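Observations on the three-dimensional arrangement
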Amino acid sequence: MGHSFYCSKEGEEIDTAIPICGSNEACEYWHPVIDLNHLELLRLAFTGYLEIDETNIEQFKKEVVLILNNFKRLNETEGSGDFEFSIERCQRLLDLLEKYPPEQGYYLSVG
């Protein structure tokens, strides 16, 4: 099962699910880095469901940046380009978190 970013806002016509990664990519690339670095919010998001709100968005962003930097480093050291899609997806997730901040009434979740 793949993982997606969900966004909605009451009173607006925003109700969208944006794929983050598929199940194979999650198992092969994301989960090992999440486990190695003890990224608890990403673990919750990738093993079930995580609602992102004002209380956890900054920590969640930090974890996404950390996994993004890990993917960049792995891509450079292995030289295979295998992590390019994961890098793009991390950046897309960060962009979405900036575009739809919970403090402006957006309901965000990853699962």
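Here the structure is a predicted model, which is why all the values come from computation and not from measurement.

A few points about the pairing of strand β4 (residues 107–110)
Here strand β1 (residues 3–9) pairs with β4 via four bridges, running antiparallel. Across the sheet, Tyr-6 pairs through a bridge with Ser-109, a residue of β4. In terms of strand pairing, strand β3 (residues 50–52) meets β4 through three bridges, oriented antiparallel. Along β4, the bridge assignment pairs Glu-51 with Ser-109.

Thoughts on the environment of Ser-86
Structurally, Ser-86 is set in helix α4 (residues 84–99). A relative accessible area of 0% means that Ser-86 is categorised as buried. Ignoring anything within four residues of it in the chain, the contact list for Ser-86 reads Glu-25, Tyr-29, Trp-30 and Phe-71. One polar contact links Ser-86 to Glu-25, side chain to side chain, over a distance of 2.6 Å.

What counts, and where the lines are drawn
Residues numbered from 1 in each chain as written. Predicted model: local features only at pLDDT ≥ 70, side-chain atom pairs only at ≥ 80, totals over all residues. Heavy atoms only, no water. Pairing = 2+ DSSP bridges. Helix = DSSP H or I, 4+ residues; strand = E, 2+ residues; numbered from the N terminus. Buried < 20%, exposed > 50% of the residue type's maximum accessible area, 1.4 Å probe, protein only. Contact = heavy atoms within 4.5 Å. Polar contact = N/O pair within 3.5 Å; in protein donor to acceptor, adjacent residues only side chain to side chain.

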